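# Remarks on the overall topology
Below are the chains, spelled out letter by letter.
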Amino acid sequence: QVQLVESGGGLVQAGGSLRLSCTASGRNVAGTTMGWYRQVPGRQRELVAYISSGGTPVYADSAKGRFTISRDNAKNTIYLQMNSLNPEDTAAYYCNTKPPDSLYWGKGTLVTVNS
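Here we summarise the structure given alongside this text. (Residues numbered from 1 in each chain as written. Predicted model: local features only at pLDDT ≥ 70, side-chain atom pairs only at ≥ 80, totals over all residues. Heavy atoms only, no water.)

This part takes up the overall build of the chain. The helix and strand inventory of the chain stands at zero helices and eleven strands. The N-to-C order of helical and strand elements in the chain reads β-β-β-β-β-β-β-β-β-β-β. For the chain, the spread of C-alpha atoms along the principal axes amounts to about 40 × 25 × 20 Å. The buried share of the chain, taken over its 115 residues, is 41%. For the chain, the share of sequence-separated contacts (at least 6 apart) that also reach a separation of at least 24 residues comes to 55%. Of the charged side chains in the chain, 11 are positive and 7 negative, and the gap between their average positions amounts to 4 Å. (Helix = DSSP H or I, 4+ residues; strand = E, 2+ residues; numbered from the N terminus. Buried < 20%, exposed > 50% of the residue type's maximum accessible area, 1.4 Å probe, protein only. Contact = heavy atoms within 4.5 Å. Lys, Arg positive; Asp, Glu negative; His and termini not counted. Charge placed at Lys NZ, Arg CZ, Asp CG, Glu CD.)

Following this line, the structure appears as structure tokens:
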């Protein structure tokens, strides 16, 4: 059993930055791949980035060059540093982990980017 809690969302102007955090509890997630996804009402949830247990990141094309995913295994936490934000980044951002037993999601944190 894993519980995921995201934080760090909010309102930001275009061109600004935010840093999202996702802390896991109930299980050590150091050995599992974790990711950030986002969803806009009326659209499917989409991958933003994920990071392997060894720290190798993979980014969606929309995130490359602007976002950085990282993890701190000692804190059981992953981060998403988002720079050069634009209104198209407005969404609910969700943390995810998929150990062999199940797939887990946080409840999300909202990011709104104004023009």
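From this point on, the discussion continues.
All told, the structure shown has one disulfide when counted by the stated rule. Across the disulfide, Cys22 is cross-linked to Cys95 (sulfur-sulfur distance 2.1 Å). The disulfide joining Cys22 to Cys95 has a torsion of about -80 degrees about its S-S bond and is therefore left-handed. Of this pair, Cys22 sits in strand E3 (residues 18-25) while Cys95 sits in strand E9 (residues 91-97); the two residues are 73 residues apart in sequence, bridging distant segments of the chain. (Disulfide = S-S within 2.5 Å.)

Leu4, Trp36, Val48, Phe67, Leu80, Met82 and Tyr93 are the most contacted members of the largest nonpolar core, which has 26 residues in total. Considering each element in turn, this core owes the most residues, four residues, to E3. (Core = buried A, V, L, I, M, F, W, Y, C linked by side-chain atoms within 4.5 Å.)

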